[in-house]
Amino acid sequence: MLRWAILFAIIAIIASGLGFSGLAGTSSEIAKLFALVFLVLFVVSLIFGRRALNGPTV
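In this text, all values refer to a predicted model and were calculated from it rather than measured experimentally.

Regarding its fold elements, the chain presents 2 helices and 0 strands. Buried residues in the chain amount to 12% of all 58 residues. Counting every atom, the chain has about 4700 Å² of accessible surface; 75% of that belongs to carbon and sulfur.

The way to describe two aromatic rings as a pair is by their centre distance and the angle between their planes. With the rule as written, the count across this model stands at 4 aromatic pairs. With 6.4 Å between their ring centres and 50° between their planes, W4 and F34 make a pair best called tilted. With W4 in helix α1 (residues 2–18) and F34 in helix α2 (residues 21–54), the pair connects residues that are 30 residues apart, well separated along the chain. The partly exposed category is assigned to F34, whose relative accessible area is 22%.

With that settled, consider the pattern of salt bridges. A side chain with one charge may pair with a side chain of the opposite charge, provided their charged atoms come close. Counting across every chain of the model gives 1 salt bridge. Salt-bridge contacts for K32 lead to E29; the nearest nitrogen and oxygen are separated by 3.5 Å. Placement of the pair is K32 and E29 together in helix α2, with a separation of 3 residues, close to one helical turn.

In this section: α1. For α1, spanning 17 residues, the distance from its first C-alpha to its last is 25 Å, which sits close to the expected 24 Å at 1.5 Å a residue. If you check which residues of α1 are buried, you get A5, F8, A12 and A15. The buried residues of α1 all sit within an arc of 95° when viewed along its axis, so they share a single face. Opposite the buried face of α1, by more than 90 degrees, sit the exposed residues R3, I13, G17 and L18. One or two positions beyond α1, positive phi appears at G19, with a value near 95°.

Before going further, it helps to examine a nonpolar patch on the surface. A contiguous nonpolar surface patch, about 960 Å² in accessible area, is contributed by L2, W4, I6, L7, I10, I11, I14, L18, F20 and L23. The element best represented in the nonpolar patch is α1, accounting for 8 residues. When its relative accessible area of 38% is taken as the criterion, L2 is described as partly exposed.

Conventions and cut-offs
- Residues numbered from 1 in each chain as written.
- Predicted model: local features only at pLDDT ≥ 70, side-chain atom pairs only at ≥ 80, totals over all residues.
- Heavy atoms only, no water.
- Helix = DSSP H or I, 4+ residues; strand = E, 2+ residues; numbered from the N terminus.
- Buried < 20%, exposed > 50% of the residue type's maximum accessible area, 1.4 Å probe, protein only.
- Areas by Shrake-Rupley, 256 points an atom, 1.4 Å probe, with all protein chains shown as cover.
- Phe/Tyr/Trp six-rings, centres within 6.5 Å; stacked < 30°, edge-to-face > 60°.
- Salt bridge = Lys/Arg side-chain N within 4 Å of Asp/Glu carboxyl O.
- Expected span 1.5 Å × (residues − 1).
- Arc of directions from axis to C-beta.
- Patch = residues over 30% accessible without salt bridge, like charges linked within 9 Å, V, L, I, M, F, W, Y side chains within 5 Å.

Here it is as structure tokens:
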């Protein structure tokens, strides 16, 4: 997911440099969305990953 965010951020930078403002705006919004999804999944995996290492609590 982080790779997709970086890819779309690079596309947005290149598109803005070439003057494609519509494509740059769309690509930057997609990059922001993927970065947010990555952060949420990362935090969830940190929380539930630690719980799995300790075993189930009764």
